[in-house]
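The residues making up each chain are set out below.
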Amino acid sequence: MKNNIILKIGIIGALFSVVLVSGCTSYSTNETKTFSDGVMSFDYPGFFNTETQEINNSKIQRVAYFVSGDLFNKQYINVFKNKTDISPVELRDETVSKNKNSSTSEVLSTSTETNPNGVVVETIRMTIVYKENNEKTRHNLMYFKIKDTVYGIGVYGPYSNREKITSTANIIFQSIK
């Protein structure tokens, strides 16, 4: 009788593990939330949670910071507004310049695109290897201007999640207004 109970618990545990690993308990990217700071807004996948990490210096102010709540899909969204008199193109070019000659990063592509809401977005797709732990990461960066304010949104995380990071960045890009 005791062995039968242990066997049942083992089978249930194994089934739970299979369901967990298969992603059936993973958050859906079909559900979205909307972020707004009163000037601009965008949609993002519903599995992100807001975290408080203040950055406010002479050049930038963090507007929002999101961390994925899905353990199998680690991603981060960093939203800031620029406090200097720089255009989105200049900000993109400055970012590319700083990372182009770095041994720890590679700029994969840059582009200027207009989203469905008519917002012109300067984009950068790049990889960065963190010196602290030698982890390769994927970064999708977007710079744009709304009502005289230049914003930046970075979506990033482990390189192994690059397709999911790109998917998140696309959801944001399509909805910026």
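For the structure itself, consult the block above.
Throughout what follows, the structure given in this document is the object of discussion. Since this is a predicted model, take the numbers as computed values, not measurements.

What counts, and at which threshold
- Residues numbered from 1 in each chain as written.
- Predicted model: local features only at pLDDT ≥ 70, side-chain atom pairs only at ≥ 80, totals over all residues.
- Heavy atoms only, no water.
- Helix = DSSP H or I, 4+ residues; strand = E, 2+ residues; numbered from the N terminus.
- Buried < 20%, exposed > 50% of the residue type's maximum accessible area, 1.4 Å probe, protein only.
- Contact = heavy atoms within 4.5 Å.
- Areas by Shrake-Rupley, 256 points an atom, 1.4 Å probe, with all protein chains shown as cover.
- Expected span 1.5 Å × (residues − 1).
- Salt bridge = Lys/Arg side-chain N within 4 Å of Asp/Glu carboxyl O.
- Phe/Tyr/Trp six-rings, centres within 6.5 Å; stacked < 30°, edge-to-face > 60°.
- Arc of directions from axis to C-beta.
- Pairing = 2+ DSSP bridges.
- Axes fitted to C-alpha atoms, helices over the stretch in contact; angles between N-to-C directions.

Brief notes about the overall build of the chain
For step 1, the next point in the chain: Within the chain one finds three helices and nine strands.
For step 2, the next point in the chain: Each helix and strand of the chain, ordered N terminal to C terminal, gives the series α-β-β-β-β-β-α-β-β-β-β-α.
For step 3, the next point in the chain: Looking at the 177 residues of the chain, the share that counts as buried comes to 38%.
For step 4, the next point in the chain: In the chain, 44% of the contacts between residues at least 6 apart in sequence involve partners at least 24 apart.
For step 5, the next point in the chain: Total accessible area on the chain stands at roughly 10500 Å², and carbon and sulfur atoms take up 51% of it.

Concerning helix H3 (residues 162–175)
Note that an α-helix has 3.6 residues per turn; residues three or four places apart therefore point the same way.
For step 1, the next point in the chain: The end-to-end C-alpha separation of H3 is 20 Å, in line with the 20 Å expected for 14 residues at 1.5 Å each.
For step 2, the next point in the chain: Of the residues making up H3, those classed as buried are Ile165, Thr166, Thr168, Ala169, Ile172, Phe173 and Ser175.

Thoughts on the pattern of salt bridges
For step 1, the next point in the chain: Enumeration according to the criterion identifies three salt bridges in this entry.
For step 2, the next point in the chain: Across the pair Arg92 and Glu122 runs a salt bridge whose closest N-O atoms are separated by 2.4 Å. Placement of the pair is Arg92 in helix H2 (residues 88–100) and Glu122 in strand S7 (residues 120–129), with a sequence separation of 30 residues. Like Glu122, Arg92 is buried.
For step 3, the next point in the chain: Note that Lys98 and Glu94 form a salt bridge whose closest N and O atoms lie 3.5 Å from each other.

Things to note about the packing of aromatic side chains
Aromatic ring pairs: the centre-centre distance and the angle between the two ring planes describe each pair.
For step 1, the next point in the chain: Tallied over the entire structure, the rule returns eleven aromatic pairs.
For step 2, the next point in the chain: On the numbers, 5.9 Å between centres and 80 degrees between planes, the contact of Phe35 with Phe66 is edge-to-face. Of this pair, Phe35 sits in strand S1 (residues 32–36) while Phe66 sits in strand S4 (residues 60–68); the two residues are 31 residues apart in sequence, bridging distant segments of the chain.
For step 3, the next point in the chain: For Phe66, a relative accessible area of 1% puts it in the buried group.

Here we look at H2
For step 1, the next point in the chain: Here H2 spans 18 Å end to end across 13 residues, near enough to the 18 Å set by a 1.5 Å rise per residue.
For step 2, the next point in the chain: Listed in full, the buried residues belonging to H2 are Pro88, Leu91, Arg92, Thr95, Val96 and Asn99. With its buried residues spanning 135 degrees around the axis, H2 presents them on a single face. Among the exposed residues of H2, those pointing more than 90 degrees away from its buried face are Lys98 and Lys100.

Examining the sheet that holds strand S3 (residues 48–51)
For step 1, the next point in the chain: Strand order in the open sheet formed by seven strands is S3-S4-S5-S9-S8-S7-S6, with antiparallel pairing between adjacent strands. The two strands at the open ends of the sheet, each matched to only one other strand, are S3 and strand S6 (105–114). Averaged over all neighbouring strand pairs, the angle between strand axes comes to 20 degrees, with direction disregarded.
For step 2, the next point in the chain: Sheet topology note: the S6/S7 ladder contains nine bridges and is antiparallel.

Focus: the side chain of Ser175
For step 1, the next point in the chain: Among the secondary structure elements, Ser175 is positioned in helix H3.
For step 2, the next point in the chain: With residues up to four places along the chain from it excluded, the contact list for Ser175 reads Ser41, Phe42, Asp43, Asn115 and Asn117.

Thoughts on the environment of Gln53
For step 1, the next point in the chain: Among the structural elements, Gln53 can be located in the loop between S3 and S4.
For step 2, the next point in the chain: Assessed through its relative accessible area of 39%, Gln53 is described here as partly exposed.
For step 3, the next point in the chain: In contact with Gln53, other than residues within four places in its own chain, are Arg62 and Tyr65.

None of the figures reported here should be taken as evidence of function without further support.
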